[in-house]
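# Observations on the three-dimensional arrangement
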Amino acid sequence: MILPIIAYGNPILRKKCNPISENFNGLDSLIQNMWDTMYAANGVGLAAPQIGESLRIFIVDTSPFSKDNELTEEERKKISIFKKIFINPKIVWSSNTLNNFNEGCLSIPDVTEDITRENEIEIHFQDQNFENQILKLDGLCARVVQHEFDHIEGVLFTDKLSSFKKKLLKGKLNNISKGKINSDYLMTFFD
């Protein structure tokens, strides 16, 4: 089922999310709703708070980036098959090497900015069957995972901007929080 995406300004986007236990009722349904919602909005990642659930789960599918002509053939191949569910994740290591990329967010439509993130990470998480997993990621895969991980920590990509950039975006962000935007996908706004 396609759910509305929570817009910037809703307090749930600022909360550190709760872990999910193995006996969580409705996990399969939640995950399917997240996939449906993300694909309907043409996203590459979605975290539970973006659909109103304060839970430590997010999904990613970086395949839309595989059409980027600026990437090497090896990078395109890697991101074309990166589709994962992350439950109760922890980033346990990140590199000192940084890179910049123009990021956006389904909860903050029509806003994109260059964001600096670590190029490599190691993340520990559970899959849909609550089996422990460890991944080392780099490049775009690492970036998308870090972006979604931030969501379950109550952090938005706009928090990583300079105070000058934040001032420039203040009016646009206020309009988003008040629902004064046009979106190609279903959204809900905080009153």
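Look up: the structure comes first, before these words.
The paragraphs below set out a description of the structure included in this document. (Residues numbered from 1 in each chain as written. Predicted model: local features only at pLDDT ≥ 70, side-chain atom pairs only at ≥ 80, totals over all residues. Heavy atoms only, no water.)

## Here we look at the pattern of salt bridges
Note the threshold: The working definition used for a salt bridge is a side-chain nitrogen of Lys or Arg within 4 Å of a carboxyl oxygen of Asp or Glu. Comment: elements are numbered from the N terminus, with helices defined as DSSP H or I runs of at least four residues and strands as E runs of at least two. Think of it in three bands: with a 1.4 Å probe and only protein chains considered, a residue is buried below 20% of the maximum accessible area for its type, exposed above 50%, and partly exposed in between.
For the structure shown, the criterion picks out ten salt bridges. A salt bridge links D138 to K78; the nearest nitrogen and oxygen atoms lie 2.6 Å apart. On the criterion of sequence distance, the pair formed by D138 in strand β8 (residues 132–138) and K78 in helix α2 (residues 73–80) is long-range, its members being 60 residues apart. A relative accessible area of 36% places K78 in the partly exposed class. K136 is the salt-bridge partner of E122, the closest N and O atoms lying 3.9 Å from each other. Residue E122 is found in strand β7 (residues 120–126), and its partner K136 is found in strand β8; the two are separated by 14 residues along the sequence. By relative accessible area, E122 is classed as buried at 17%. The class for K136 is exposed, based on a relative accessible area of 64%. Residues joined in a network through salt bridges with shared partners are E103, R117, R143, D150 and K160.

Geometric descriptors of this kind do not, in isolation, establish any biological role.
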